[in-house]
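# Observations on the model geometry
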Amino acid sequence: MKTITTLFLIGTTMTCAVSAANSEHLIENNLGAEKSPRLQSLSIADNGNIWASGTKGLVVMSTDNGKTWHKKTVLNTQDMQFRDIWAQDNTVFLLAAGEGDKSRLYKTSDNGQSWNLQYTMNSPKGFINCFDFWNKEHGIVFGDSIDDKVFMLETKNGGKSWHQMTSVPLAQEGGEGGFSASGSCVRISEEDEVWISTGATKNARLLRSTDYGQTWNSTPLPYPDGSTAGIFSAIPDSQWTFGGRMENPVITGYHLEQQQWKATQNIGLKGAIYGSDSFGDNVIVVNPDGASLSKDNGKSWQRISAHSFWVVEFDNNGTAWLAGPQGRINSINVTK
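Everything in this summary refers to the structure shown in the same document. (Residues numbered from 1 in each chain as written. Predicted model: local features only at pLDDT ≥ 70, side-chain atom pairs only at ≥ 80, totals over all residues. Heavy atoms only, no water.)

Let us now look at the environment of Leu153. As for its position among the elements, Leu153 is in strand β12 (residues 149–155). Put simply, Leu153 and Phe131 are 22 residues apart on the chain and 9.0 Å apart in space, counted from C-alpha to C-alpha. Not counting residues within four places of it along the chain, the set of residues in contact with Leu153 comprises Leu105, Tyr119, Gly139, Ile140, Val141, Trp162, His163, Gln164 and Met165. (Helix = DSSP H or I, 4+ residues; strand = E, 2+ residues; numbered from the N terminus. Contact = heavy atoms within 4.5 Å.)

What follows is the structure in structure tokens.
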């Protein structure tokens, strides 16, 4: 969102300090030199292809489990920030986040050989943050509020047309929006459920729908207030939300247990959590201070890296892929 763009342009690099129990499983795989663009979104297709995207129009793909990476050029997007990506088979959607017409949606149906611009934000106040898809025909986009309404787009025909959803909650005062750090402020479950994380104002809240966005339930959560605070990331399948305030060293996460939201602490990272994902009872969270893993669904945490990461995504085999500044992509298999 607009108010935190400057902060998101800064990524820190730290010396790797992985816990001894997991260091042999954390695989380093940098894409390039120190000046490589920052990666901040990941998606793993059903065919095993791994996609990543980030700043300066960077899109890369691996067909061999991360051994080699191939750049996929999207024409005339060198100044775009691709902050979210979604892939299924040879179909890939890209979200460019930025003010006004810098917010765009692209699609390829041929594994990145060619790309089509599907949507351009037509409001100078607009800023789209992240998206997700139930399948390659039906998807939803979330952006900062415009004219006192939460901004959402929907497609039901694979992006041939996008329309602004009308059955959306009213926005809270103060410019309620989202955080496009890792592309995980919108998350869809395997069913018809979708979770949307908000912040940047008072009373950060989780918006949940179980009918493909026709109706919404709004749940305020006790995250910090402020323009750079709120909920950054959610995992509906394992009932987690994460976030905090970027300038505050206290980490905040809440887990839904028996219809009550319970706080988790001692994650071991400074600053707000940018990205999160889970595989069974294994939960990984990342931010510019590093990465932490819980193997018991949040009861305890161990730091697995001090490198700066912005996004994490599990594949179907229990391998977590982590990406961040300087073209860095790491992986760790939590089943070993």
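Resuming the write-up.
On to the sheet that holds strand β7 (residues 91–96), then. Sheet strands pair by backbone hydrogen bonding; their relative direction is either parallel or antiparallel. If you walk across this open sheet you meet the four strands as β6-β7-β8-β9, and the pairing is antiparallel. Edge positions in the sheet fall to β6 (82–88) and β9 (116–120), since each has one partner strand and no second. For this sheet the average axis-to-axis angle between neighbouring strands, irrespective of direction, equals 20 degrees. Two strands pair when backbone bridges link them, and strand β8 (residues 104–108) and β9 are joined in this way by four bridges, in the antiparallel orientation. Note on β9: the bridge partner recorded for Tyr106 is Leu117. (Pairing = 2+ DSSP bridges. Axes fitted to C-alpha atoms, helices over the stretch in contact; angles between N-to-C directions.)

Our next topic: the packing of aromatic side chains. A full pass over the atoms with the stated rule returns 17 aromatic pairs. Aromatic side chains Phe82 and Tyr106 sit 5.8 Å apart centroid to centroid with 85 degrees between the ring planes, which places their arrangement in the edge-to-face category. Placement of Phe82 in strand β6 and of Tyr106 in strand β8 is noted, with a sequence separation of 24 residues between them. For Phe82, a relative accessible area of 0% translates into the label buried. An aromatic cluster is built from Trp86, Phe93, Phe131, Phe133 and Trp162, whose rings are joined through pairwise contacts. Taking NZ or CZ as reference, Arg38 lies 4.0 Å from the ring centre of Trp310, over its face. One residue, Arg328, lies across the ring of Phe309, its end atom 6.0 Å from the ring centre. (Phe/Tyr/Trp six-rings, centres within 6.5 Å; stacked < 30°, edge-to-face > 60°. Buried < 20%, exposed > 50% of the residue type's maximum accessible area, 1.4 Å probe, protein only. Lys NZ or Arg CZ within 6 Å of the ring centre and 35° of its normal.)

Next up on the list: the state of the cysteines. Counted under the stated rule, the structure contains one disulfide. The partner cysteine of Cys130 in its disulfide is Cys185, sulfur to sulfur 1.7 Å. Residues Cys130 and Cys185 share a disulfide whose torsion about the S-S bond is about -100 degrees; that sign makes it left-handed. Separated by 55 residues along the polypeptide, Cys130 in strand β10 (residues 128–133) and Cys185 in the loop between β13 (163–164) and β14 (186–188) bring together distant segments of the chain. (Disulfide = S-S within 2.5 Å.)

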